[in-house]
Amino acid sequence: MATNGRYILEKTIKEGRLLTLVYSKQNSSLLEGDIINKWTFGIITNGKKNSWVLELIKSIEQQMIPHYEILIVGPNPYNEFNLSKPNQVNILEDVVLIREKRPPISHKKNKIIKQAQYNNLCILHDRYLLPEKWFINFQKHGNYFDILCLKTLNLE
């Protein structure tokens, strides 16, 4: 069910505590008209790391991606900052859940997904920066993936 019919489970191999699932791909996951030069970046924040959000925005801008947008879900103190490309940055209304004890991270992600203009979607928390050659490496390897989770490096 989770693959929406794009994959069929061919076999399972159990070796001790290791379980290997072998799938065959049935349908393409790359949508027609989807190109690597179009990206939506979603930033989830609680408003406590605003200077870091601005550094993240700068790291996105430095990628020189031809078509992109940045969607931020969180408290909005960004009007006072001088963004180099303010038209690329949209502040979405923050998600506040009164009866929830945990932060509404999933709700914020869903809001970004619903508002995303482009098929290539990168959701980031307010503690990350993109490495210098992030987009160049994507161009090298392509955007033919269903989901991707990149290694997180700590600068400390």
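Residues numbered from 1 in each chain as written. Predicted model: local features only at pLDDT ≥ 70, side-chain atom pairs only at ≥ 80, totals over all residues. Heavy atoms only, no water.

Asker: Looking at this structure, I do not really get the overall build of the protein chain. What am I missing?
Answerer: Along the protein chain, the regular secondary structure elements total three helices and six strands. Secondary structure elements in the protein chain, listed N-terminal to C-terminal, are β-β-β-α-β-β-α-β-α. Out of the 156 residues in the protein chain, the part that is buried amounts to 30%. Restricting the contact set of the protein chain to residue pairs at least 6 apart, pairs at least 24 apart contribute 59%. Summing over all exposed atoms, the protein chain offers an accessible surface of approximately 11,400 Å²; the carbon and sulfur share of this is 51%. (Helix = DSSP H or I, 4+ residues; strand = E, 2+ residues; numbered from the N terminus. Buried < 20%, exposed > 50% of the residue type's maximum accessible area, 1.4 Å probe, protein only. Contact = heavy atoms within 4.5 Å. Areas by Shrake-Rupley, 256 points an atom, 1.4 Å probe, with all protein chains shown as cover.)

Asker: Mind showing me how you'd approach the nonpolar core here?
Answerer: In summary, soluble globular proteins display a tendency toward joint burial of nonpolar side chains. By size, the foremost hydrophobic cluster in this structure holds 20 residues, and its most contacted members are Trp 39, Phe 41, Ile 43, Ile 57, Ile 60, Ile 70 and Trp 134. Contributing elements (two or more residues each) for this core: β3 (38-44), α1 (50-61), β4 (67-73), β6 (120-125) and α3 (134-141). The greatest single-element share of this core, amounting to five residues, is contributed by α1. (Core = buried A, V, L, I, M, F, W, Y, C linked by side-chain atoms within 4.5 Å.)

Asker: Is there a simple way to explain the layout of surface pockets in this structure?
Answerer: Empty space among the atoms becomes visible once a probe the size of a water molecule is rolled across them. If you add up the space inside the second largest pocket, you get close to 210 Å³. In terms of lining, the second largest pocket is formed by 14 residues, of which the most central are Thr 45, Asn 46, Pro 103, Ile 105 and Lys 108. Counted by class, the lining of the second largest pocket contains six nonpolar, three polar and five charged residues. (1 Å grid on protein atoms, 1.4 Å probe; cavity = no way out; pocket = protein on both sides within 12 Å on 5 of 7 lines; lining within 4 Å. Points joined across faces, edges and corners; volume = space filled by probe spheres on them. Nonpolar A, V, L, I, M, F, W, Y, C, P; charged D, E, K, R; others polar.)

Asker: Sorry if this is basic, but what is going on with the sheet that holds β4 here?
Answerer: Strands in a sheet are paired, the pairing made by backbone hydrogen bonds, and the direction either parallel or antiparallel. Spatial strand order, β5-β4-β3-β6: four strands in an open sheet with parallel pairing. Lying at the two open borders of the sheet, with one neighbouring strand each, are β5 (89-92) and β6. This sheet shows a mean twist of 20° between the axes of neighbouring strands, independent of strand direction. Note that β4 and β5 share four bridges and pair parallel. What sits directly across from Ile 72, in β5, is Ile 91. Of the strands in this sheet, β3, β4, β5 and β6 are in contact with helix α2 (residues 105-115), which crosses β6 at around 150°. (Pairing = 2+ DSSP bridges. Axes fitted to C-alpha atoms, helices over the stretch in contact; angles between N-to-C directions.)

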